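# Coordinates in review
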Amino acid sequence: MSEIRTPRARTPKSRNPNARTPKAGTSKARTGFAAGILLAPFFALFTVAMIVPVGYAVYLSLFTEKQSGLGFDGPTTVFHGLGNYTAALGDEAFRDGFWVLLGYCALYIPVMVGGALVISLLLDTAMARARRFFQLALFLPHAIPGLIAALIWIYLYTPGLSPVVSAMESGGIGFDFFSSEGTLPAIVNIALWEWLGYNVVIFYASLQAVDRSLLEAATVDGAGDWRLALSIKIPLIRSSLMLVLLFTIIGSLQLFTEPLILNRGSGSAVTSTWTPNMYAYSAAFERNDYGLAAAASVLIALVAALLSFVVTRFSNRKGARA
């Protein structure tokens, strides 16, 4: 009678005590090294395109050129300390430029951020039709360079050439876009035409990420479109709202191209020092005072950094309360 053999249970093989296991510190070092290699191009480009120019501007702002003797030897560069900064702050034209920016921001930022938010909310409603068409139509002006956009609108603002001005005059509306009262609204209109669609795309993309189950539950509870927008959608895209607000403020401080074009070719009330950036440009390329231009640029950068800090701090506080 044959013997029945039962299979033997396999015992796990004992590990070799001499085998080396990877250490956690080595793994972290390799991960950090790989991250450093991937981030190296960014930091190199950031250093070349941002840190070096800013450092050179700060260095340049501490010097000025003065004529030596009777001026036959040409100008010499001498250390001026904070003299360029005091000269810029003491110049009424430079200070007036910030008042112009204040009026520009007071008119531009509410219309830009509020208009983009309202349009994106309308596109996000269930009743909206042809969303892709309106998104493309609103975004297309952003693809046009600011220089070309300013030239287009100069044509549309010029009496005798513009069909818009002719239509306004035929309707009994007389408005001079190149006057001292009309220049600021004219520039705000150009900036809105360029950037409104860009911000609409940002808001609409954020609204698409909102959990639809929340909206459906609120609709079942009887919430209408206004309640959905004010109580659910806007609070959930608050981070995007603050981001757009921050970018809009920084962009407002950099106002340069549109007023420069209006100053050069239309005979408007815009002067060569109408904004702080135009003041720095005029100091550098019209008066050849590079130290003063660098000091004005550094002051503008400091104001932008301060406003960015305030907006970011306000956004973080609102987020912590929410």
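Refer to the structure above for everything that follows.
A brief look at the structure comes next.

### Considering the overall build of the chain
Check the secondary structure of the chain and you find 13 helices and two strands. The buried share among the 322 residues of the chain stands at 34%. Within the chain, contacts between residues separated by at least 24 positions form 64% of all contacts whose residues are at least 6 apart in sequence. Carbon and sulfur atoms provide 65% of the accessible area of the chain, an area that totals close to 20800 Å².

### Comments concerning the nonpolar core
Counting 53 residues, the largest nonpolar core has Tyr104, Tyr108, Tyr157, Ile187 and Phe203 as its most contacted members. The contact partners of Tyr157, leaving out residues within four places of it in the chain, are Ser162, Val165, Phe177, Phe178, Ala186, Asn189 and Ile190. In this structure, Tyr85, Phe94, Ala284 and Leu292 belong to the second largest nonpolar core, which totals 14 residues.

### Here's the deal with the side chain of Lys233
Here Lys233 shows up in helix 9 (residues 225–236). A polar contact of 2.9 Å, which involves the side chain of Lys233, links it to the side chain of Asp124.

### Looking at the packing of aromatic side chains
A ring pair, where both rings are aromatic, is described by two values, the distance of the centres and the angle of the planes. Summed over all chains, the structure comprises 17 aromatic pairs. With centroids separated by 5.1 Å and ring planes inclined at 85 degrees, the aromatic side chains of Phe94 and Phe98 adopt a geometry described as edge-to-face. With Phe94 and Phe98 both in helix 3 (residues 92–124) and four residues apart, this pair spans about one turn of that helix. Centroid distance Trp153 to Trp193: 6.0 Å. Interplanar angle 75 degrees. Geometry classified as edge-to-face. Placement of Trp153 in helix 5 (residues 146–157) and of Trp193 in helix 7 (residues 183–208) is noted, with a sequence separation of 40 residues between them. Trp153 sits in the buried class, given a relative accessible area of 15%. Trp193 sits in the partly exposed class, given a relative accessible area of 28%. Clustering of aromatic rings is evident, with ring pairs tying together Trp153, Tyr157, Phe175, Phe177, Phe178 and Trp193. Residue placement shows Arg287 over the ring face of Tyr279; its charged tip is 5.2 Å from the ring centre.

### As for the pattern of salt bridges
Counted by the stated rule, this structure contains two salt bridges. Residues Asp124 and Arg212 are paired through a salt bridge, measuring 3.1 Å at the closest nitrogen-oxygen approach. Of this pair, Asp124 sits in helix 3 while Arg212 sits in helix 8 (residues 212–220), placing them 88 residues apart in sequence. Given a relative accessible area of 7%, Asp124 falls into the buried group. Note that Lys233 and Asp124 form a salt bridge whose closest N and O atoms lie 2.9 Å from each other. Separated by 109 residues along the polypeptide, Lys233 in helix 9 and Asp124 in helix 3 bring together distant segments of the chain. The class of Lys233 is buried, set by a relative accessible area of 7%.

About the cut-offs
- Residues numbered from 1 in each chain as written.
- Predicted model: local features only at pLDDT ≥ 70, side-chain atom pairs only at ≥ 80, totals over all residues.
- Heavy atoms only, no water.
- Helix = DSSP H or I, 4+ residues; strand = E, 2+ residues; numbered from the N terminus.
- Buried < 20%, exposed > 50% of the residue type's maximum accessible area, 1.4 Å probe, protein only.
- Contact = heavy atoms within 4.5 Å.
- Areas by Shrake-Rupley, 256 points an atom, 1.4 Å probe, with all protein chains shown as cover.
- Core = buried A, V, L, I, M, F, W, Y, C linked by side-chain atoms within 4.5 Å.
- Polar contact = N/O pair within 3.5 Å; in protein donor to acceptor, adjacent residues only side chain to side chain.
- Phe/Tyr/Trp six-rings, centres within 6.5 Å; stacked < 30°, edge-to-face > 60°.
- Lys NZ or Arg CZ within 6 Å of the ring centre and 35° of its normal.
- Salt bridge = Lys/Arg side-chain N within 4 Å of Asp/Glu carboxyl O.

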